[in-house]
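Okay, here's what each chain looks like letter by letter:
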Amino acid sequence: MTNTATGHLREPLNWPEGGVTRIPYRVFSDPEIYALEQEKIFKGAVWNFLCLEIDIPNPGDFKTSFVGEIPVVITRDQNGEIHAMVNRCAHKGALVCLQERGNRNTLACVYHAWTYDLEGKLKGVAFRDGIRGKGGMPKDFDPSKHRMEPLRVETYCGLVFGTFSSETEPVPEFLGPEIDHHVRRNLGRPVKLLGFHSQIMHNNWKLYAENLRDSYHATLLHTFYTTFKVNRLDMDGGIVLSKRGWHHISYAKRSKLQESAEYQDAAVHAAQYDSQLAAPEMLDSWPEFDDEITHSIQTIFPTLSVQLTLNSLAVRFFVPRGVDKTELFWMYLGYEEDDEAKTRMRINQANLTGAAGLVSLEDGCINEFVQRGTRGSAPDTTAFLEMGGRDVAPSEGSRATETAIRGFWKGYRDIMGFE
Ligand code: FES
Ligand SMILES: [Fe+2]
């Protein structure tokens, strides 16, 4: 088995020549690597998205979530302070909070009724002194030594992040100035939750991390984008990368479309239909910012994304559920200041994305196609990622590039120590 303490795999992984332009298919299906990722990435020096601040607006509110496979619960205490801890009873390990969200003064485990305060400190043990003086806990039992395991928490732009590491730098530094700027653009005002849902994808979590950074596929796989000119590579746009390449922003300006001859190439033309929308008002939008950007997908390593397409603002968050299974959570947002008409338009535009979205329906299966297609591949088989060059660098003016995906793999290799 994996020796996670030393990070050694029984079957060592030597990264192929070509660095981040070659991805060994093994990383999508090897249970040992998957186990090592839980230790090194999710329990490592990254900030994991936990929930939105508006998920727990009031004292006593709690929300359950996940850091990698680890169940966590996020609470707001009576002083308004936010805490996060592993959702695991200090007695025998049962889940403490069984509901997705709720409001409580204390957290109680159903198994033997141990109770915790909203910080996860143990406050009560049923039958601690036994029954009629018999049984009970030993005299030296010290409740302060038994609590739910806490995480470090930071809130930033309405997002609650948690980490198990004492070394993770503050969130804005973790993001870097470019990414920080764009998160503030999209989430720097009070938001309200318009709706949420989740979907199960039958693929390794990293295939979705890649897919979000894959600006090349959007104009080809997502025929709706291309046909109705919501997001195409012949619009002005580009890729912004954080300094280390881990996080990215892909953006496009719809008003700056200059139809390119390449779109008439047979292979590309197949990605466009001669269709009309019965309700074209679905794409009605208003300029939200004065930078002319009408589409942006942004990732924060490892498992968070913020989208603003036309006026559809959403946070996506994905959770590994096994080596070949991932749960993707969608949270649709509006700004608190929105009037009813704006809210209606945002909800209408939410039809673009999500599990059954006109655009993103395909992403629900394309990653599974990779998972299935790479099964049984020889140990040295790899993906080939040289679109837009071989480096990890921002791309001004073109999104016909895989640079952001290479950036993800750079981060992955940095953390996993795969050389
Ligand atoms: S497992 Fe929670 S009280 Fe026993
Ligand atoms: Fe996609």
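Details of the structure are given in the entry above.
Residues numbered from 1 in each chain as written. Chains lettered and ligands numbered in written order. Predicted model: local features only at pLDDT ≥ 70, side-chain atom pairs only at ≥ 80, totals over all residues. Heavy atoms only, no water.

Colleague: Please provide a residue-by-residue account of the environment of Glu419, values included.
Modeller: Turning to its location among the elements, Glu419 is positioned in the segment after α10 (403-416). Those residues in contact with Glu419, other than ones at most four positions away along the chain, are Leu13, Asn14, Trp15 and Arg413. (Helix = DSSP H or I, 4+ residues; strand = E, 2+ residues; numbered from the N terminus. Contact = heavy atoms within 4.5 Å.)

Colleague: Any chance you could break down the pairing of strand β4 (residues 70-76) for me, citing the residues and the numbers?
Modeller: Of all seven residues that make up β4, seven are buried, and the element is covered over most of its length. Sheet topology note: the strand β3 (residues 61-67)/β4 ladder contains six bridges and is antiparallel. If you follow Lys63 over to β4, its bridge partner there is Ile74. What sits between β3 and β4 in their antiparallel hairpin is a turn of two residues, with Gly68 showing a positive phi close to 60°. With five bridges connecting them, β4 and strand β5 (residues 82-86) associate as antiparallel partners. Bridge assignment links Thr75 to a residue of β5, and that residue is His83. Turn length for the β4-β5 hairpin, with the two strands adjacent in sequence and antiparallel, is five residues, and the turn residue Gly80 shows positive phi of about 90°. (Buried < 20%, exposed > 50% of the residue type's maximum accessible area, 1.4 Å probe, protein only. Pairing = 2+ DSSP bridges.)

Colleague: Account for the packing of aromatic side chains, naming residues and giving values.
Modeller: This structure, assessed with the given rule, holds 19 aromatic pairs. Aromatic side chains Phe49 and Phe317 sit 5.1 Å apart centroid to centroid with 70° between the ring planes, which places their arrangement in the edge-to-face category. In this pair, Phe49 sits in strand β2 (residues 48-52) while Phe317 sits in strand β17 (residues 312-320), placing the two residues 268 residues apart along the sequence. Note on accessibility: Phe49 and Phe317 belong to one class, buried. Ring plane angle 35° and centroid distance 5.3 Å describe the contact between Phe301 and Phe408, whose orientation is recorded as tilted. (Phe/Tyr/Trp six-rings, centres within 6.5 Å; stacked < 30°, edge-to-face > 60°.)

Colleague: Could you give me a rundown of the coordination of the iron ion (ligand 2), with the residues and numbers involved?
Modeller: Four donors placed tetrahedrally around a metal ideally meet at 109.5 degrees, and six donors placed octahedrally ideally meet at 90 or 180 degrees. Around the iron ion (ligand 2), the protein supplies His217 (NE2), His222 (NE2), Asp363 (OD) and Asp363 (OD) as donor atoms, at distances of 2.0 to 2.4 Å. Taken together, the four donor atoms surrounding the iron ion (ligand 2) define angles of 57 to 150° at the centre, an arrangement classified as irregular. Donor residues for the iron ion (ligand 2) sit on one chain with the sequence pattern H-x4-H-x140-D. Exposure remark for His217: the relative accessible area of 15% places this residue in the buried category. (Donors = N, O, S within 2.8 Å, 3.2 Å for Na, K, Ca; no water. Tetrahedral: all angles 85-135°; square planar, octahedral: opposite > 155°, others 65-115°.)

Don't take any of this as a statement about function, it's just geometry.
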